[in-house]
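Topology and contacts: notes
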Amino acid sequence: MNKIINQIIKKNLFSLRSTGNSMRLLLLPNDILYYKKNFRKISVNDLVLVKTEVKLFTHRVIYKTKKYLVTKGDNNIESDGKIYLKQILGKVYQIKRNGQTINPNDLYLIQSTLYFREIIKIKQAFEKEKIDYVILKGLPLHLYFEKLHPKRIYADCDVLIKKEHFFKAKRMIKKFGYRKTDEKNKQVENNYFKNINGFTVVFDVHLEPAFLMTQFSGLEALYPQKLIDQLTVDLLNNKRPIKINGEKFFILNSKFLILYLALHLFHHNFRGAFRYQFLDTVIRRSLDSRFRGNDKGIDWQNIKLTINKYQLTNFVYPVLMLIKKYYQSPIPKSFLKTIRPSRSYISSMIYHQRSIFNDEPRIGAGMNRFKNIFFLSPQPLWRKLTVFFHPQVIYFISLILKKKLSSFFSSRQADPANLS
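Residues numbered from 1 in each chain as written. Predicted model: local features only at pLDDT ≥ 70, side-chain atom pairs only at ≥ 80, totals over all residues. Heavy atoms only, no water.

What follows covers the overall build of the protein. Across its full length, the protein carries 15 helices and 15 strands. Excluding contacts between residues fewer than 6 apart, the proportion of contacts in the protein whose partners are at least 24 apart in sequence is 65%. Here the protein has roughly 21,900 Å² of accessible surface; of this, 52% comes from carbon and sulfur atoms. (Helix = DSSP H or I, 4+ residues; strand = E, 2+ residues; numbered from the N terminus. Contact = heavy atoms within 4.5 Å. Areas by Shrake-Rupley, 256 points an atom, 1.4 Å probe, with all protein chains shown as cover.)

What follows deals with the pattern of salt bridges. All told, the structure shown has 16 salt bridges when counted by the stated rule. Across the pair Glu 247 and Lys 123 runs a salt bridge, and its minimum N-O distance is 2.6 Å. Residue Glu 247 is found in strand S15 (residues 247-252), and its partner Lys 123 is found in helix H2 (residues 104-128); the two are separated by 124 residues along the sequence. There is no split in this pair, since Glu 247 and Lys 123 are both buried. The closest approach of N and O atoms between Arg 284 and Asp 280, which form a salt bridge, is 3.0 Å. Of this pair, Arg 284 and Asp 280 both sit in helix H7 (residues 273-286), four residues apart, roughly one helical turn. Residues joined by salt bridges that share partners form a network here, namely Glu 118, Lys 121 and Lys 194. (Salt bridge = Lys/Arg side-chain N within 4 Å of Asp/Glu carboxyl O. Buried < 20%, exposed > 50% of the residue type's maximum accessible area, 1.4 Å probe, protein only.)

When two helices pack together, their arrangement is captured by the angle between the axes and the distance separating the axes. One way to put it is that helix H6 (residues 254-267) packs onto helix H10 (residues 313-327) with a least axis distance of 9 Å and a crossing angle of 90 degrees. Here H6 lies roughly perpendicular to H10, going by the angle between them. Contacts from Leu 259, Ala 262, Leu 263, Leu 265 and Phe 266 of H6 reach H10 at Phe 315, Val 316 and Val 319. Of the residues in the contact of H6 with H10, the class split is eight nonpolar, no polar and no charged. (Axes fitted to C-alpha atoms, helices over the stretch in contact; angles between N-to-C directions. Parallel < 35°, antiparallel > 145°, perpendicular 65-115°, else oblique. Nonpolar A, V, L, I, M, F, W, Y, C, P; charged D, E, K, R; others polar.)

Mapped onto the elements of the fold, His 206 is located in strand S13 (residues 199-206). Looking at His 206, its side chain comes within polar contact range of the side chain of Asp 158, at 3.3 Å. Look past the residues within four positions of His 206 in its chain and what remains in contact with it is Leu 136, Asp 158, Val 159, Leu 160, Ile 161, Val 188, Glu 189 and Tyr 260. (Polar contact = N/O pair within 3.5 Å; in protein donor to acceptor, adjacent residues only side chain to side chain.)

What follows concerns the nonpolar core. Phe 126 and Ile 161 are the most contacted members of the largest nonpolar core, which totals 108 residues. When residues no more than four places from it in sequence are discounted, the contact partners of Phe 126 are Ile 131, Tyr 133, Val 159, Ile 161, Ala 169, Met 172 and Ile 173. Phe 14, Leu 27, Leu 47 and Leu 89 belong to the second-largest nonpolar core, a separate cluster that totals 13 residues. (Core = buried A, V, L, I, M, F, W, Y, C linked by side-chain atoms within 4.5 Å.)

Glancing now at the packing of aromatic side chains. Across all of its chains, the model carries 26 aromatic pairs by this definition. Aromatic side chains Tyr 63 and Tyr 326 sit 5.9 Å apart centroid to centroid with 80 degrees between the ring planes, which places their arrangement in the edge-to-face category. Here Tyr 63 is found in strand S4 (residues 56-64), whereas its partner Tyr 326 is found in helix H10, with 263 residues between them in sequence. Neither residue differs from the other here; Tyr 63 and Tyr 326 are each classed as buried. Judged by centre distance (5.5 Å) and plane angle (80 degrees), the rings of Tyr 326 and Phe 357 are edge-to-face. Of this pair, Tyr 326 sits in helix H10 while Phe 357 sits in the loop between helix H12 (344-351) and helix H13 (362-376); the two residues are 31 residues apart in sequence, bridging distant segments of the chain. Across the pair, exposure class does not vary: Tyr 326 and Phe 357 are buried alike. (Phe/Tyr/Trp six-rings, centres within 6.5 Å; stacked < 30°, edge-to-face > 60°.)

Next up on the list: a nonpolar patch on the surface. Taken together, the side chains of Leu 381, Leu 385 and Phe 388 make up a nonpolar region of the molecular surface, amounting to roughly 270 Å² of accessible area. Turning to its location among the elements, Phe 388 is positioned in the loop between helix H14 (381-385) and helix H15 (391-414). According to the relative accessible area criterion, Phe 388 is partly exposed, its value standing at 33%. (Patch = residues over 30% accessible without salt bridge, like charges linked within 9 Å, V, L, I, M, F, W, Y side chains within 5 Å.)

It is the contact of H6 with helix H9 (residues 300-309), at a shortest axis distance of 10 Å, that shows an interaxial angle of 50 degrees. With respect to H9, the element H6 is oriented oblique. In this structure, H6 crosses over H9, and the sense of that crossing is right-handed. Where H6 abuts H9, its residues Lys 255, Phe 256, Ile 258 and Leu 259 lie against Asn 302, Ile 303, Thr 306 and Ile 307. Its residues assigned to classes, the contact of H6 with H9 comprises five nonpolar, two polar and one charged. (Left-handed = near helix turned anticlockwise from the far one by under 90°.)

Time to look at the pairing of strand S10 (residues 157-161). Counted residue by residue, S10 has five buried out of five residues, so it is predominantly covered. In S10, alternate side chains face the same way, and those of Cys 157, Val 159 and Ile 161 on one face and Asp 158 and Leu 160 on the other are all buried. As paired strands, strand S9 (residues 133-137) and S10 are joined by four bridges and run antiparallel to one another. Bridged to Lys 137 within S10 is Asp 158. Pairing of S10 with S13, which is carried by four bridges, proceeds in the parallel orientation. By the bridge assignment for S13, Val 159 is matched with Val 205. (Pairing = 2+ DSSP bridges.)

This paragraph deals with the confidence of the model for the protein. In this model, the protein carries a mean pLDDT of 88, and residues with pLDDT of at least 70 account for 89%. The low-confidence segment residues 416-420 (pLDDT under 50) makes two contacts with residues lying over four places distant or belonging to another chain. (pLDDT = per-residue confidence, 0-100.)

Inspection of the secondary structure assignment puts Ser 15 in strand S1 (residues 13-17). According to the relative accessible area criterion, Ser 15 is partly exposed, its value standing at 38%. For Ser 15 and Ile 32, which are 17 residues apart along the polypeptide, the C-alpha to C-alpha distance reads 6.6 Å. Excluding residues within four positions of it along the chain, Ser 15 makes contact with Ile 32, Leu 33, Tyr 34 and Tyr 35.

What follows is the structure, given as structure tokens:
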């Protein structure tokens with residue numbers, strides 16, 4: 001490694017061959033990465049070459065302060081922790097694959113262009129068939145609030161529609177060549193995908209805001225279904241039109257968009273720096289009268305009333321505290337004080353110990369999601385405990401225990417110290 005570093009120090013422009021899978025799908029093994037050693041600044045989403053005591057790696061910047069950065073491989077669960085400027089050896093400006101050279105921003109633009117075309121097709125078909133919809137999150141929101149395409153390979157576009165329009169929407173989406181990711185009939189969320197020129201385009205069709213565990217029935221013991229139904233109606237009734245490249249899209253107004261994005265972070269166990277960064281952008285833009293257009297902007301007192309109406313305090317408060325902590329979002333302290341819950345779980349298990357930069361293995365994420373829903377549920381304890389009598393919950397817990405026991409015994413057998 002020292003030999004490579006000594007060669008790098010002598011050059012402003014240099015190249016290295018990519019190895020490993022930490023940056024799939026953006027970087028593949030044997031890609032040639034071109035770096036600049038001298039650069040003006042480093043921004044979130046830049047790809048940088050990092051030197052630690054034990055290795056060199058090229059990962060994405062996911063968070064930035066005046067003192068340090070946090071980097072992470074797109075395909076990694078754990079972030080790399082704090083990285084200091086002296087550890088950055090270069091920034092990627094080109095990628096060479098199969099003899100073709102491309103700028104990473106061009107890859108992002110290609111994906112955004114493909115996605116935007118598909119969203120327009122489906123949006124226009126919805127309008128033609130009079131399907132009531134609102135885009136909850138996805139590319140149109142990024143283009144509107146950030147004024148540029150996302151500088152990363154992103155996942156999906158979430159659309160909420162009325163339940164009575166679902167079968168019509170499903171036929172329409174399949175007509176455009178989309179396939180369902182899971183052929184099971186889901187009650188509240190259905191995922192469709194299509195591969196276009198090497199990129200996967202995904203649409204998540206929601207029949208209600210999916211911030212609990214949509215694969216389970218019987219979760220009314222943890223959150224009342226009647227409140228979800230009322231919230232669904234409110235989301236569909238509190239949308240506003242925006243225009244992007246001459247096309248009109250319906251998105252949530254500021255109040256409900258902030259609440260939905262906060263609930264989405266709760267659904268992901270309060271993790272994902274890019275989710276917090278986008279929510280911070282939405283909050284700042286919504287406070288700017290020059291930007292709001294036909295939206296009334298943020299009324300924190302109104303948001304408080306809505307949080308109380310839907311008993312969302314325990315779910316939303318940790319998100320707002322974390323975004324204030326990491327991004328200094330302009331959320332009034334007086335507002336946070338009025339919605340502060342008296343749950344020690346929030347302080348001990350989330351605010352002080354949670355890392356927003358790391359992902360989780362699928363099983364671990366599911367277990368933590370259920371734990372968060374249980375402990376943060378607004379329902380009385382006796383009502384919450386009845387969830388453990390539901391067959392799907394019993395099966396889920398038994399599956400978790402089985403996997404944990406299997407992992408435990410496998411590790412003991414693999415350890416020579418445990419062999420007699």
